[in-house]
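Examining the three-dimensional arrangement
Chain by chain, the residues run as shown.
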Amino acid sequence: MFFALDGFLFAGWVVRIPAIKHQTGASASTLGLALLGVSAGAVITMMLTGRLCRRYGSHAVTVVCGVLLSLSIALPAQTHSALSLGLVLLVFGAAYGGMNVAMNSAAVDLVAALRRPVMPGFHAAFSLGGMIGAGLGGLVAGGLSPALHLFFLTGIGLVVTALAGPVLLQHPPHRADPAPAGAGKPAERLTGRARKVVLLFGVIALCTAYGEGALADWGALHLEQDLHARPGVAAAGYSLFALAMTAGRLSGTTLLERLGQTRTLVAGGVTAGAGMLLGSLAPTAWLALLGFAVTGLGLANIFPVAVGRAGELAGPSGVAAASTLGYGGMLLGPPAIGFLADWFSLPVALTTVAVLAGAAAALGYGARKTAHT
């Protein structure tokens, strides 16, 4: 439920980006700098969250971050300048980043307890929440102001947290002191070979988070501005992307068990690269939507595998390190795509997603000696 809530709230924000861009009067490049606030806030708090999870437990931190994320989602619609938007997005990003580290740390513990590669299933819930959030946003985009829409999302988030939080708090994490798979001692600090492997998987996460962030922040704008899609159709772009990611992640456990980690990473990166070339360069909105869907299928399992592997090696510290690097992709993505869109065009800027997806495939192949299978 917390993974789904995270995706739901994040998608509710991103589908209103075109309206809030108009409300603040921001250009593509200044909007990119304002959107930097989400990733900056997330990256700043992620390593701190890893320490909080070790001290207070990942379940308690997840619940607290759920409350903060629900409250902060209403803030962007209250802004009327790019500067004020960037500042409130720092707060939203801090809550979002903290929740991602906490709930992924809890999920890593459950994966270890179940002894099956079920991490993609948790991320499928995130994508399902994103699909619902984007779909709802598309339905109300034409008739409901961003302020009312996001305030409504605050209420939903607080209700879900009030229902799910007490249940989660009744059950302590399965492993209070996580250890690397197959090791006999806890991994309190990242040292030696473990640090290098966590770094490698963090860079893989960065490549795929860049793509997710690009489609979240710029997909609707590309459809509406470059391909002249209606607001509802533009909002449906992220919803379709999230639907494809959900389907890919629901099959992720089976893929990992049958293909292994390396083949899953390589196939995902190649598929995402091809899909994004279509999505960014297609001459019609419907072909672009198809490209977004293919991209979603390709990216689906790369981030869960990367973060899960880092968590196996170093517990919350590994999750925090890989997540920080991963969301560094979102940190770089919004301003990079914004400036490239001003210098060239938004379709050309979006092709960088395909380049980094190919890099994720290459790094995934390079990581084959660190994989279990």
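Whatever comes next refers back to the structure up there.
Computed from a predicted structure; not experimentally measured. (Residues numbered from 1 in each chain as written. Predicted model: local features only at pLDDT ≥ 70, side-chain atom pairs only at ≥ 80, totals over all residues. Heavy atoms only, no water.)

**Some words on the overall build of the protein chain**
Rules: Segments assigned H or I by DSSP are reported as helices when at least four residues long, segments assigned E as strands when at least two residues long, and all are numbered from the N terminus. Here the globule rule is a power law, 2.2 Å times the number of residues to the power 0.38, and the radius of gyration is based on C-alpha atoms. Each residue is assigned to one of three classes by its accessible area relative to the maximum for its type, calculated with a 1.4 Å probe on protein chains only: buried under 20%, partly exposed between the two thresholds, exposed over 50%.
The number of helices and strands found in the protein chain is 13 helices and zero strands. In terms of overall size, the protein chain behaves like a compact globule, its C-alpha atoms giving a radius of gyration of 19 Å where 373 residues would be expected to give roughly 21 Å. Principal axes of the C-alpha set define a box for the protein chain whose edges measure 55 × 40 × 30 Å. Evaluated residue by residue, the protein chain yields a buried proportion of 59% over its 373 residues.

**A short note on the pattern of salt bridges**
To keep things clear, this is the line we draw: A pairing counts as a salt bridge when a side-chain nitrogen of Lys or Arg comes within 4 Å of a carboxyl oxygen of Asp or Glu.
Per the stated rule, a full pass over the model turns up three salt bridges. Linking Arg116 and Glu257 is a salt bridge whose minimum nitrogen-to-oxygen distance equals 3.0 Å. Separated by 141 residues along the polypeptide, Arg116 in the loop between helix H5 (82-114) and helix H6 (119-140) and Glu257 in helix H10 (residues 252-281) bring together distant segments of the chain. Note on Arg116: relative accessible area 40%, which makes it partly exposed. Classification of Glu257 as partly exposed rests on a relative accessible area of 45%. Here Glu212 and Arg249 are joined by a salt bridge, their closest N and O atoms 3.6 Å apart. Of the two residues, Glu212 is situated in helix H8 (residues 192-226) and Arg249 in helix H9 (residues 231-250); the sequence distance between them amounts to 37 residues. Side by side, Glu212 and Arg249 carry an identical accessibility label, which is buried.

**Notes on the environment of Gly97**
The test is simple: A contact between two residues is defined here by any heavy atoms of the two lying within 4.5 Å.
By secondary structure assignment, the location of Gly97 is in helix H5. Under the relative-accessibility criterion, Gly97 is labelled buried at 0%. Sequence spacing of Gly97 and Asp217 is 120 residues, and the spatial spacing of their C-alpha atoms is 16 Å. Residues within four places of Gly97 in sequence aside, it is in contact with Ala42, Thr45 and Met46.

**Points about helix H3 (residues 28-56)**
Put simply, the rule is: Helix span is expected to be 1.5 Å times the residue number reduced by one. Two axes define the bend at a residue: one fitted to the seven residues ending there, one fitted to the seven starting there, and the bend is the angle between them.
For H3, with 29 residues, the first-to-last C-alpha span of 41 Å sits near the 42 Å given by 1.5 Å per residue. At Met46, H3 shows its strongest bend, of approximately 35°. Two residues or fewer after H3 comes Gly57, characterised by a positive phi angle close to 100°.

**Let's talk about the packing of H5 against H6**
Stated precisely, the cut-off is as follows: Note on geometry: axes are C-alpha line fits, over the in-contact stretch for helices, and angles between N-to-C directions span 0 to 180 degrees. The hand of a helix crossing depends on one turn: near helix anticlockwise from the far one by less than a right angle means left-handed, and clockwise means right-handed. Three classes are used: nonpolar for Ala, Val, Leu, Ile, Met, Phe, Trp, Tyr, Cys and Pro, charged for Asp, Glu, Lys and Arg, and polar for all others, with Gly counted as polar.
Direction vectors running N to C along H5 and H6 enclose 145°, while the axes themselves pass 9 Å from each other. Once H5 is placed against H6, the crossing between them reads as right-handed. Where H5 abuts H6, its residues Tyr96, Asn104, Ala107, Val108, Leu110 and Val111 lie against Met119, Phe122, His123 and Phe126. In terms of residue class, the contact of H5 with H6 is built from eight nonpolar, two polar and no charged.

**Here we look at unusual backbone geometry**
The phi angle at Arg115 is positive, at roughly 60°, despite the residue not being glycine. Residue position: Arg115 is located in the loop between H5 and H6. Here the phi dihedral of His228 falls at roughly 55°; this positive angle occurs in a residue that is not glycine. The exposure class assigned to His228 is exposed, which follows from its relative accessible area of 67%.

**Looking at the side chain of Ser323**
Inclusion rule: A 3.5 Å cut-off defines polar contacts: any pair of N or O atoms within that distance qualifies, except that in protein one atom must be a possible hydrogen donor and the other a possible acceptor, and neighbouring residues in sequence count only when both atoms are side-chain atoms.
Relative to the elements of secondary structure, Ser323 occurs in helix H12 (residues 302-343). Residue class for Ser323 comes out buried when judged on its relative accessible area of 1%. One polar contact links the side chain of Ser323 to the main-chain carbonyl oxygen of Val319, over a distance of 2.7 Å. Those residues within four positions of Ser323 in sequence are excluded, and the remaining contacts are Met46, Val101 and Val307.

**Section: the state of the cysteines**
To be explicit about the condition: By definition, disulfides here are pairs of cysteine sulfur atoms that lie within 2.5 Å.
In total, this model carries zero disulfides according to the counting rule given. For Cys53, which is in no disulfide, the shortest distance to another cysteine sulfur is to Cys65 and amounts to 7.7 Å.

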